[in-house]
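Below are the chains, spelled out letter by letter.
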Amino acid sequence: MTPPILLVRLRSGVVGESRRVVHVVPCPDVPRIPDVLVAYCGAEIRAGVAELLPRPCGMPCTACLISAPLPASAPVPAGD
Ligand SMILES: [Zn+2]
């Protein structure tokens, strides 16, 4: 089963717009979000300078997309 993930982006004004990519972060198995999240690409993202996104949007972090686990795929039914 694919582990749950968070979609995290640095807030506007923290970095330039070209660096505000959407990172993929493994959802921590703790009751509250820790002060520092580590994305699949290795980026350390501090609380207070980032926003959690409710759904995919914006420019994705390519390194995160390459490193994040793929979701389980369902078999495609055979066509007749
Ligand atoms: Zn990333």
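Values in this document were obtained by computation on a predicted structure and should not be read as measured data.

### Section: the coordination of the zinc ion
Thinking step 1. Protein-derived coordination of the zinc ion comes from His23 (ND1), Cys41 (SG), Cys61 (SG) and Cys64 (SG), at a distance range of 2.1 to 2.4 Å.
Thinking step 2. Here the zinc ion binds four donor atoms, and the angle range of 100 to 120° at the metal identifies the geometry as tetrahedral.
Thinking step 3. For the zinc ion, the single-chain donor residues occur in sequence as H-x17-C-x19-C-x2-C. With His23 in strand S2 (residues 22-26) and Cys61 in the loop between strand S5 (50-53) and helix H1 (62-67), this residue pair connects regions lying 38 residues apart in the sequence.

### Remarks on the pairing of strand S1 (residues 5-10)
Both faces of the sheet carry side chains from a regular strand, because those side chains alternate between them.
Thinking step 1. Most of S1 is tucked away, with five of its six residues classed as buried.
Thinking step 2. Examined bridge by bridge, S1 and S5 share four bridges and lie antiparallel to one another. Bridge pairing in S5 links Arg9 to Glu51.

### A look at the sheet that holds S1
Thinking step 1. Reading across from one edge, S2-S1-S5 is the order of the three strands in this open sheet, with antiparallel pairing throughout. Each edge of the sheet is formed by a strand with only one pairing partner; in this case those strands are S2 and S5. Within this sheet the neighbouring strands show an average axis-to-axis angle of 40°, counted without direction.

### Quick look at the side chain of Arg20
Thinking step 1. You can see Arg20 is positioned in the loop between S1 and S2.
Thinking step 2. Once residues lying within four places of it in the same chain are set aside, the contact partners of Arg20 are Arg9, Leu10, Arg11, Ser12, Val15, Glu51 and Met59.

### Topic: the layout of surface pockets
Thinking step 1. Computed from the structure, the largest pocket encloses a volume of approximately 270 Å³.
Thinking step 2. Residue lining of the largest pocket: 16 residues in total, with Ile5, Leu7, Val24, Pro56 and Leu65 positioned closest to the centre.
Thinking step 3. For the lining of the largest pocket, the secondary structure elements donating two or more residues are S1 and S2.
Thinking step 4. Counted by class, the lining of the largest pocket contains 14 nonpolar, two polar and no charged residues.

Criteria and thresholds
Here the residue numbers are simple positions, counted from 1 along each chain's written sequence. The predicted origin of the model limits local features to residues at a pLDDT of at least 70 and limits the giving and counting of side-chain atom pairs to 80 or more, whereas totals for whole chains, interfaces and linings rest on all residues. Only hydrogens and water are set aside; all other atoms, that is, all heavy atoms of the structure, feed into the side-chain values. For Na, K and Ca the donor cutoff is 3.2 Å, while for all other metals N, O and S atoms must lie within 2.8 Å; water is not among the atoms, so some sites may look incomplete. The rule is simple: four donors are tetrahedral if all their angles sit between 85 and 135 degrees, four are square planar and six octahedral if opposite donors span more than 155 degrees and the others lie between 65 and 115, and anything that fits none of that is irregular. Helix numbering and strand numbering both begin at the N terminus, where a helix is a DSSP run of H or I of at least 4 residues and a strand a DSSP run of E of at least 2. Working definition: with a 1.4 Å probe on protein chains only, accessible area under 20% of the residue-type maximum means buried, over 50% means exposed, and in between means partly exposed. Two strands make a pair as long as DSSP finds a minimum of two bridges between them. Only the stretch in contact is used when fitting a helix axis, every axis being a line fitted to C-alpha atoms; angles between N-to-C directions are given from 0 to 180 degrees. The contact rule is simple, with two residues in contact once any of their heavy atoms fall within 4.5 Å. Detection works on a 1 Å grid of protein atoms alone, calling trapped sets that fit a 1.4 Å probe cavities and calling open sets with protein on both sides within 12 Å along at least five of seven lines pockets, with lining residues defined by an atom within 4 Å of a point. Grid points are joined across faces, edges and corners, and a volume is the space filled by probe spheres set on the points. Ten residues, namely Ala, Val, Leu, Ile, Met, Phe, Trp, Tyr, Cys and Pro, are considered nonpolar, four, namely Asp, Glu, Lys and Arg, are considered charged, and the remaining ones, Gly among them, are considered polar.

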